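# Commentary on secondary and tertiary structure
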Amino acid sequence: MNGETMIKLNIGCGSRPLEGFINVDQDDLKTLRRRYPNQVFSDTLIIKNYNIFELPFSEGTVDNLNADGLLEHLSFKDEPRFLYEVHRVLKQGGTFDFSVPDFEKTCIAWLKAEDDWKDFFSDCPEAIQKNHWFGTNSYGYENRWGYITATFYGSQNGKGQFHQNCYSKGKIRKMLSKVGFEVLKIDEFRWKTDRDFMLQVNSKKK
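Residues numbered from 1 in each chain as written. Predicted model: local features only at pLDDT ≥ 70, side-chain atom pairs only at ≥ 80, totals over all residues. Heavy atoms only, no water.

### Overview of unusual backbone geometry
Positive phi values are uncommon outside glycine, yet Lys 192 reaches one of about 55 degrees. Locating Lys 192 in the fold gives a position in the loop between β6 (181-190) and β7 (197-205). In the Ramachandran plot, Thr 193 falls in the positive-phi region, its phi being about 75 degrees despite a non-glycine side chain. Tracing the backbone shows Thr 193 in the loop between β6 and β7. (Helix = DSSP H or I, 4+ residues; strand = E, 2+ residues; numbered from the N terminus.)

Following this line, the structure appears as structure tokens:
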């Protein structure tokens, strides 16, 4: 790097800001601490409230951009706006890493689950403490109308907590190729080890 400082962005960091990155989120550090009282956030974290469609970086200046659990929150119109902005700011060969729910696996799990609606959604403190999720009181995927519904549509319990998009391995490969990225690897994992079926994507700017 010839002594240059690498620029690494973590877009939509939420409760997962990273040391060594410029973390970008709608919340500042004070708000994150209030929103996630059981987590410890270092005073050295850098958190900015940048417009993700007009990042304040010149073309080809960013080394790495990370976006975990973000793209599914973007509308159909905003999806390409964000992807082309990522391509603009990244250096040639710069890496774009992100994770999204695996829509295909989630659909299969939904069809296999029991069709047993129990109650309307509630996000009051008592319901959240009991993992209410439409009366199922569980993060499991046993019931079509439990937590799996939030995998499709978002938790809907706060600003920005709505899903507006969906992804499969096939879509990701073609979509990134169209924008100008090379997919290096797509891995499967479970969110927090036992929740949403997720895809972890590693790619680079061509």
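Next comes the rest of the write-up.
### Things to note about the environment of Val 100
If you trace the backbone, Val 100 turns up in strand β5 (residues 90-101). Put simply, Val 100 and Gly 69 are 31 residues apart on the chain and 5.2 Å apart in space, counted from C-alpha to C-alpha. In this structure Val 100 touches Leu 71, Glu 72, Tyr 167, Ile 172, Phe 197, Met 198 and Leu 199, once residues within four positions along its chain are discounted. (Contact = heavy atoms within 4.5 Å.)

### Quick word on the pattern of salt bridges
When the charged atoms of two side chains lie near each other, side chains of opposite charge can form a pair. According to the stated counting rule, one finds 12 salt bridges in the structure shown. The shortest N-O distance in the salt bridge between Glu 188 and Lys 105 comes to 2.9 Å. Highlighted residues: Glu 188 in strand β6 and Lys 105 in helix α3 (residues 103-112), separated in sequence by 83 residues. The partly exposed category is assigned to Glu 188, whose relative accessible area is 42%. Under the relative-accessibility criterion, Lys 105 is labelled partly exposed at 33%. For Arg 144, the salt bridge identified is with Asp 115, shortest N-O distance 3.9 Å. Taken as a pair, Arg 144 in the loop between α4 (125-129) and α5 (147-153) and Asp 115 in the loop between α3 and α4 lie far apart in primary sequence, 29 residues in all. (Salt bridge = Lys/Arg side-chain N within 4 Å of Asp/Glu carboxyl O. Buried < 20%, exposed > 50% of the residue type's maximum accessible area, 1.4 Å probe, protein only.)

On their own, these measurements won't tell you what the molecule is for.
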